[in-house]
Amino acid sequence: MKKRLALMIKLAIMAGLLTVLYRNVDFAAFRAALAGLQWGWIPLIYALLFLNTALNSWKWGLLLKADGIAIPLRSLMCSHLIGTFFNLFLPSSIGGDAYRVVDVGRRAGAGAKSFASVFAERLMGFLALALWGLLFSALGWSRLPDKRILALPVIVFALMGAMVFAVVQRTALVAVWRFFRMDRVHKLDAFLHRFLDSLAGYHADRRLIAWVFGLSLVFQMTAITTIFCISRALHWDAPFIYFCIFVPLITLGEALPISIFGIGVRDGLYVFFFAQAGLAREQALSLALVYVIISILYSLIGGGLFLLRRPAAPAPR
């Protein structure tokens, strides 16, 4: 009942946001923006999406290997693509991570380690995203009509840093855990400590952290470039630096679990931020719509793999 209520609330938020966003749209201008799409950019855009799947799977594999779990890259890419497919139906743009955790946890017989690897991979990705946003906001300061935007990446970067500190130091986190008496649930308490042990192992390996964070920086820049290519396919002439400033903030915003696949939230953020670059509402919404369509079509690869893939055999205990 609670899950159904939560879903209904998210659908209502999504519908409300879309209604507000599209209520005053000039649909003639909106259709004109979409009609001019240059299809020659599409192969490059899909190549960049596939490259990012490979990069994310590679850094995920590095974390798992550091924790004693060896899974081939092709299997991780398959799991990643299927997770991308499940993103279409789950809250926020990272809902498919649950599939990745369960899939690898079942194959390796190590649920806490699987959860730790996906958590660390995502956290490093968000930290890299916030760093790009902070860096390019500082570099593009003079281009921003509203200078207060710079406060957003500063706040996000500080929050990401605080989260990293909390899980690595673990003392405060464990104290909160015990304060709420969660340690009385023995299986859950053991899971938490195995999870924190995995994170501590990652933190102790400086070379691993450097590789994973470096790959996260490349991944996020590739994601920014993908959005930029979509804008070029729509005949935009906005400078690349605006995408380096705004896309990290949009991506962090759409990860909030308040709508399905970030729909509505993403659209609103595109309108809000790219207005700073002088883009009309119709242009911003056309970019958001084309991005969603391209993402859905790419995610269908994962849907096909899910239908064809054999269920993972539980690891021997």
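The structure we're discussing is the one just above.
What counts and how
- Residues numbered from 1 in each chain as written.
- Predicted model: local features only at pLDDT ≥ 70, side-chain atom pairs only at ≥ 80, totals over all residues.
- Heavy atoms only, no water.
- Salt bridge = Lys/Arg side-chain N within 4 Å of Asp/Glu carboxyl O.
- Helix = DSSP H or I, 4+ residues; strand = E, 2+ residues; numbered from the N terminus.
- Buried < 20%, exposed > 50% of the residue type's maximum accessible area, 1.4 Å probe, protein only.
- Core = buried A, V, L, I, M, F, W, Y, C linked by side-chain atoms within 4.5 Å.
- Contact = heavy atoms within 4.5 Å.
- 1 Å grid on protein atoms, 1.4 Å probe; cavity = no way out; pocket = protein on both sides within 12 Å on 5 of 7 lines; lining within 4 Å.
- Points joined across faces, edges and corners; volume = space filled by probe spheres on them.
- Lys, Arg positive; Asp, Glu negative; His and termini not counted.
- Phe/Tyr/Trp six-rings, centres within 6.5 Å; stacked < 30°, edge-to-face > 60°.
- Lys NZ or Arg CZ within 6 Å of the ring centre and 35° of its normal.
- Axes fitted to C-alpha atoms, helices over the stretch in contact; angles between N-to-C directions.
- Parallel < 35°, antiparallel > 145°, perpendicular 65-115°, else oblique.
- Left-handed = near helix turned anticlockwise from the far one by under 90°.
- Nonpolar A, V, L, I, M, F, W, Y, C, P; charged D, E, K, R; others polar.

*Asks:* Mind showing me how you'd approach the pattern of salt bridges here?
*Replies:* Two side chains that carry opposite charge are able to pair once their charged atoms sit near each other. Scanning the model with the defined rule gives 6 salt bridges in all. Taking the shortest distance from any N to any O, the salt bridge between aspartate 97 and arginine 122 comes out at 2.8 Å. Here aspartate 97, found in helix H5 (residues 97–108), pairs with arginine 122, found in helix H6 (residues 111–139); they are 25 residues apart in sequence, far enough to count as distant. Since its relative accessible area comes to 11%, aspartate 97 is described here as buried. Overall, the relative accessible area of 23% leaves arginine 122 in the partly exposed class. A salt bridge links arginine 100 to glutamate 121, with the shortest nitrogen-to-oxygen separation between them at 2.5 Å. Here the residue arginine 100 occupies a position in helix H5, and glutamate 121 occupies one in helix H6, the gap between them amounting to 21 residues.

*Asks:* Is there a simple way to explain the nonpolar core in this structure?
*Replies:* Taken as a class, soluble globular proteins show a tendency for nonpolar side chains to be buried jointly. If you look at the biggest cluster of nonpolar residues, it comprises 44 residues, and the most contacted ones within it are Ile230, Phe243, Phe246, Phe274 and Leu287. Residue assignment for this core shows that the elements contributing at least two residues are helix H3 (42–66), H6, helix H10 (206–233), helix H11 (240–254), helix H12 (265–274) and helix H13 (281–308). Every residue in contact with leucine 287, bar those within four places of it in the chain, is listed here: Ile227, Ile230, Ser231, Leu234, Trp236, Phe243, Tyr270 and Phe274. Met124, Ala128, Met160 and Ala255 belong to the second largest nonpolar core, which has 24 residues in total.

*Asks:* Looking at this structure, I do not really get the layout of surface pockets. What am I missing?
*Replies:* A water-sized probe rolled over the atoms picks out the places where empty space is left. Taken as a whole, the second largest pocket encloses approximately 250 Å³ of empty space. Contributing to the lining of the second largest pocket are 14 residues, with Met124, Val164, Val168, His203 and Ile209 lying nearest its centre. When residues of the lining of the second largest pocket are traced back to their parent elements, those giving at least two are H6, helix H7 (151–169), helix H9 (186–204) and H10. Per element, the largest residue contribution to the lining of the second largest pocket is 4 residues, and it comes from H6.

*Asks:* When you look at the side chain of aspartate 189 in this model, what are you seeing that I'm missing?
*Replies:* Tracing the sequence through the fold places aspartate 189 in helix H9. One buried charged side chain, aspartate 189, makes no salt bridge at all; its nearest oppositely charged neighbour is arginine 178, positioned 5.8 Å away.

*Asks:* Quick question: what am I supposed to make of the packing of aromatic side chains here?
*Replies:* To describe a pair of aromatic rings, one takes the distance between the centres and the angle between the planes. Taken as a whole and judged by the stated rule, the model has 22 aromatic pairs. Considering the side-chain rings of tyrosine 46 and tyrosine 298, the 6.3 Å spacing of their centres and the 35 degrees angle between planes classify their relative orientation as tilted. You can see tyrosine 46 sitting in helix H3 and its partner tyrosine 298 sitting in helix H13, a full 252 residues away along the chain. What makes tyrosine 46 partly exposed here is its relative accessible area of 22%. Judged by relative accessible area, tyrosine 298 falls into the buried class, the value being 7%. Judged by centre distance (5.0 Å) and plane angle (75 degrees), the ring pair of phenylalanine 272 and phenylalanine 273 falls under edge-to-face. On the basis of relative accessibility, which here comes to 42%, the residue phenylalanine 272 falls in the partly exposed class. By way of ring pairs, the aromatic residues Phe228, Trp236, Phe240, Tyr242, Phe243, Phe246, Tyr270, Phe272, Phe273 and Phe274 are connected into one cluster. A cation over a ring is seen here: lysine 59 above phenylalanine 219, with NZ or CZ 5.3 Å from the ring centre. Lying across the ring of tryptophan 60, arginine 100 places its NZ or CZ 4.3 Å from the centre.

*Asks:* Sorry if this is basic, but what is going on with the packing of helix H4 (residues 73–86) against H13 here?
*Replies:* Packed helices, taken two at a time, are described by their axes: the angle between them and the distance between them. Two elements in contact, H4 and H13, have axes separated by 7 Å at closest approach and are oriented at 115 degrees. Relative to H13, H4 is oriented roughly perpendicular. The handedness of the crossing between H4 and H13 comes out as left-handed. Residues Cys78, Leu81, Ile82, Thr84, Phe85 and Phe86 of H4 lie in contact with H13, whose contacting residues are Tyr298, Ser299, Leu300, Ile301, Gly302, Gly303, Leu305 and Phe306. When the residues that make up the contact of H4 with H13 are grouped by side-chain class, the tally is 10 nonpolar, 4 polar and no charged.

*Asks:* How do you make sense of the packing of H3 against H10 when you look at a structure like this?
*Replies:* Packing of H3 against H10 brings their axes to within 9 Å, and their N-to-C directions diverge by 165 degrees. Between H3 and H10, the angle falls in the class roughly antiparallel. Note on packing geometry: the crossing formed by H3 with H10 is left-handed. In terms of residue class, the contact of H3 with H10 is made up of 19 nonpolar, 6 polar and 1 charged.

Shape is all these values report; function is a separate question.
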